Amino acid sequence: MSSDEITISRDLDAPRETVWRVWTEPEYFARWFGAAPESVDLDVRPGGAWRATVATPAGEMPMRGVYREVVGRERLVWTLDLPQGAMEMTATFADLDGGRTRVVLRQPAPPREQCAQAEEGAAQLLDAFAKVLASV
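Throughout, a residue's number is its position along its own chain's written sequence, starting from 1. Confidence filtering applies because this is a predicted model: local features only for residues at pLDDT of at least 70, side-chain atom pairs given and counted only at 80 or more, and all residues used for totals across whole chains, interfaces and linings. By convention in this description, side-chain values take in all heavy atoms of the structure and omit both hydrogens and water.

## Looking at the layout of surface pockets
Okay, so step 1: Computed over the protein atoms alone on a 1 Å grid, cavities are sets of points where a 1.4 Å probe fits but cannot get out and pockets are open sets with protein on both sides within 12 Å along at least five of seven lines; a residue lines them when it has an atom within 4 Å of a point. Grid points are joined across faces, edges and corners, and a volume is the space filled by probe spheres set on the points. A volume near 1,200 Å³ is recorded for the largest pocket.
Okay, so step 2: In this structure, the largest pocket is lined by 35 residues; those nearest its centre are Met63, Leu80, Met87, Gln107 and Gly121.
Okay, so step 3: Strands here mean DSSP runs of E at least two residues long; helices mean DSSP runs of H or I at least four residues long; both are numbered from the N terminus. Counting residues per element, the lining of the largest pocket draws most heavily on helix α3 (residues 115-134), at 8 residues.
Okay, so step 4: Here the lining of the largest pocket is composed, by residue class, of 26 nonpolar, 7 polar and 2 charged. Amino acid classes used here: Ala, Val, Leu, Ile, Met, Phe, Trp, Tyr, Cys and Pro are nonpolar; Asp, Glu, Lys and Arg are charged; the rest, including Gly, are polar.

Pasting the structure below:
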């Protein structure tokens, strides 16, 4: 992690095309994102909106944002609308030997006292993604 960005990566045992599909198709997204399937809507194109409702211990949390950049099977840049403003997130997808894929997730670093929690949340998200991917 740099002082202004959190970066987490995972090497996955699946080709990039499959990884991209699981990241961008609503039925898979709902599973790894922890969202109610009927709440997920993904318009994966520049300017397209996304939304999902996640169940948390404190109750349902609606989440939404906009895709800013979509480079098929290579890069996604999207916003996550937060009360303090939109946070931009980036995922890149790269081929590895043996039909594997590296996913790198980047997001702005929060204040220092929240960094460990933000890193843990990003890692848990990629862990959940890997579990769903393994079932495809």
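## A short note on unusual backbone geometry
Okay, so step 1: Although it is not a glycine, Arg73 sits at a positive phi angle of roughly 65°.
Okay, so step 2: Tracing the backbone shows Arg73 in the loop between β4 (59-71) and β5 (75-82).

## Quick notes on the packing of aromatic side chains
Okay, so step 1: Between 30 and 60 degrees the pair is tilted, below 30 it is stacked and above 60 it is edge-to-face, where a pair is any two Phe, Tyr or Trp rings, Trp via its six-membered ring, whose centres lie within 6.5 Å. All chains considered together, the criterion is met by 11 aromatic pairs.
Okay, so step 2: Aromatic pair Phe33 and Trp50: ring centres 5.8 Å apart, planes at 85°, arrangement edge-to-face. Here Phe33, found in helix α2 (residues 26-33), pairs with Trp50, found in strand β3 (residues 49-56); they are 17 residues apart in sequence, far enough to count as distant.

## Comments concerning the environment of Asp41
Okay, so step 1: Looking at the secondary structure, you find Asp41 in strand β2 (residues 41-42).
Okay, so step 2: Distance from Asp41 to Phe29, taken between C-alpha atoms, is 9.5 Å for residues 12 residues apart in sequence.
Okay, so step 3: Residues in contact with Asp41, not counting those within four places in the same chain, are Ala49, Trp50 and Arg51. Contacts between residues were defined by any pair of non-hydrogen atoms, one from each residue, lying within 4.5 Å.

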